[in-house]
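# Report on the structure
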Amino acid sequence: MNLDQEGMLRGNSTESRRVWETWRAQLWSRFVRLESSSSDADFFGHVSASVPGSNRLSTVHSTTQITERTHTHLRRDPQDYMLFALQIEGHGFIEQDGRQARLDPGDFGCYMTDRPYRLAFDSPFRQVILRLPREKLADHLPCLSQMSARRFDGKAKAGLLAAGFIRQMSENGGSLTDADLANMESVTAQMLATAMQQGTDAQSDVETGRLERVKRRLREQLRDPDLDLAHVAATEGISLRTLQRLFQLDGVSPSQWVAEQRLQQVARILRDPAQAKRSITDIALSCGFGDLSHFSRTFRQRYGTTARNWRNPS
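To keep things clear, this report deals only with the structure shown in the data block. Values in this document were obtained by computation on a predicted structure and should not be read as measured data. Residue numbers here run from 1 along each chain, matching the order of that chain's written sequence. Thresholds applied to this predicted model are a pLDDT of at least 70 for local features of residues and 80 or more for the giving and counting of side-chain atom pairs; totals over whole chains, interfaces and linings are not thresholded and use all residues. Heavy atoms from the whole structure form the basis of all side-chain values; hydrogens and water molecules are not counted.

### Concerning the overall build of the chain
Note the cut-off: Only DSSP runs of H or I with at least four residues qualify as helices, and only runs of E with at least two residues qualify as strands; both kinds are numbered from the N terminus onward. Burial status follows relative accessibility: with a 1.4 Å probe on protein chains alone, a residue under 20% of its type maximum counts as buried, one over 50% as exposed, and anything between as partly exposed. Residues count as neighbours in contact if any of their non-hydrogen atoms are within 4.5 Å of one another. Where accessible areas are quoted, they stem from the Shrake-Rupley method and a 1.4 Å probe; at the residue level, only the protein chains shown are allowed to cover. Charged residues are defined here as Lys and Arg on the positive side and Asp and Glu on the negative side; His and the ends of the chain fall outside this count. To locate a charge, take NZ of a lysine, CZ of an arginine, CG of an aspartate or CD of a glutamate.
A tally of helices and strands in the chain yields 13 helices and ten strands. Oriented by its inertia axes, the alpha-carbon framework of the chain measures out at about 75 × 50 × 40 Å. Taking all 314 residues of the chain together, 44% fall into the buried category. In the chain, of all internal contacts separated by at least 6 residues, the share reaching a separation of at least 24 is 69%. As presented, the chain carries roughly 15,600 Å² of accessible surface, and 49% of it is formed by carbon and sulfur atoms. Between the centroid of the 42 positive side chains of the chain and the centroid of its 38 negative side chains there is a distance of 6 Å.

### Considering the nonpolar core
Quick reminder of the rule: Remark: nonpolar core denotes a set of buried residues (Ala, Val, Leu, Ile, Met, Phe, Trp, Tyr, Cys) joined through side-chain atoms within 4.5 Å.
Of all hydrophobic cores here, the largest spans 27 residues; its most connected members are Phe84, Phe108, Leu137, Ile166, Leu192 and Met196. The residues touching Leu137, leaving out its near neighbours within four places in the chain, are Phe84, Leu132, Leu144, Ala189, Ala193 and Met196.

### So, the sheet that holds strand β1 (residues 35–37)
Using the following cut-off: At least two bridges found by DSSP between two strands is the condition for calling them paired. Interaxial angle, 0 to 180 degrees, is taken between N-to-C directions of lines fitted to C-alpha atoms, where a helix line uses only the stretch in contact.
Across the sheet, which stays open at both edges, the five strands sit in the order β1-β4-β9-β6-β7 with antiparallel pairing between neighbours. Sheet topology places β1 and β7 (99–103) at the edges, where each strand pairs with a single neighbour. Strand-to-strand twist in this sheet, taken as the mean axis angle between neighbours without regard to direction, amounts to 15°. Here β1 runs beside strand β4 (residues 65–69); their pairing, made up of three bridges, is antiparallel. In the sheet register, Ser37 faces β4, and the bridge partner there is Ile66.

### Re the packing of aromatic side chains
Rules: Geometry of aromatic contacts follows a simple scheme: Phe, Tyr and Trp rings, the Trp one being its six-membered ring, pair when their centres are within 6.5 Å, and the pair is stacked under 30 degrees between planes, edge-to-face over 60, tilted otherwise. Sitting over a ring, as applied to charges here, requires NZ of Lys or CZ of Arg to be within 6 Å of the ring centre and within 35 degrees of the ring normal.
Scanning all chains against the criterion turns up eleven aromatic pairs. Seen in terms of ring centroids, Phe295 and Phe299 are 5.7 Å apart; in terms of plane orientation they differ by 55°. Their pairing is tilted. In this pair, Phe295 and Phe299 both sit in helix α12 (residues 292–303), four residues apart, roughly one turn of the helix. Members of the aromatic cluster, joined through ring pairs, are Phe289, Phe295, Phe299, Tyr303 and Trp310. Just above the ring of Trp28 sits the side chain of Arg24; from NZ or CZ to the centre is 5.5 Å.

### Here's the deal with the pattern of salt bridges
So the rule is basically this: Salt bridge, as used here, is a side-chain nitrogen of Lys or Arg placed within 4 Å of a carboxyl oxygen of Asp or Glu.
Under the criterion given, the structure shown has 19 salt bridges. Residue Arg99 pairs with Asp97 through a salt bridge whose shortest N-O separation is 3.8 Å. The residue Arg102 makes a salt bridge to Asp104 at a minimum N-O spacing of 3.0 Å. Using a relative accessible area of 39% as the deciding quantity, one classes Arg102 as partly exposed. Taking the relative accessible area as the measure of exposure, Asp104 reaches 27% and is therefore partly exposed.

Shown next as structure tokens:
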């Protein structure tokens with residue numbers, strides 16, 4: 001649903017169309033091309049420049065909404081920035097590259113404008129959005145692509161300094177210029193990179209160990225076409241949402257990981273001379289694929305050819 005359609009849903013009133021047109025214009029001029037929708041009958045949205053005449057630092061204040069940047073937007077409006085969202089009021093969700101992060105007041109997270117992303121808010125909220133060129137962060141974080149759609153604590157250690165610096169820039173923006181913000185980009189990037197690396201290191205050991213335990217359990221059940229992720233999560237003493245969040249460390253969903261493991265098993269067996277007499281159907285079923293049409297489609301997508309051609313390459 002695009003903004004014009006959303007406005008139509010609100011009764012075709014001149015006022016509702018004006019609200020959505022203004023909102024879209026603000027989003028496009030401050031950030032990138034995207035689309036937004038809302039179930040809120042009294043939708044309100046406003047984006048203001050924290051520093052006069054600058055798009056580098058903005059404050060977003062709005063009601064319930066979902067905002068998405070799709071592949072279509074990428075083609076029409078190619079941009080390569082990191083957008084950092086500091087949650088001031090309410091809460092929101094960032095989704096990108098198969099990961100999802102919930103931001104509560106004081107938290108911050110980031111997303112990249114060169115790939116699709118989704119932002120969701122189920123209540124009124126306020127965020128400060130900082131725009132930084134990606135290369136400013138890449139110099140300090142070689143694993144930058146793994147940092148999007150993650151929650152970072154803006155109330156602890158280096159996160160406290162980074163979030164506090166962004167908040168101070170926003171609150172004192174009236175005395176700054178766009179050139180001032182440009183001059184501060186390098187130090188801001190360093191502070192954020194340190195905070196993100198510190199936050200990632202603190203979680204990585206515990207979460208990586210838990211993820212490996214979950215993967216071991218899933219490997220034991222890969223041949224079961226009725227594999228139940230919720231049951232696996234409960235067996236590990238965690239929620240399904242926590243299990244999904246653990247797999248965000250690898251940038252995939254649990255279902256994507258399971259499908260990839262099954263496909264790899266099939267591919268290995270197909271190339272094994274000792275298994276040459278087995279039918280492709282038997283192999284696919286034995287590796288956990290209950291739907292053969294789905295198997296054929298995903299195998300071709302993954303390996304760029306059919307299972308038959310994979311088995312007997314010309």
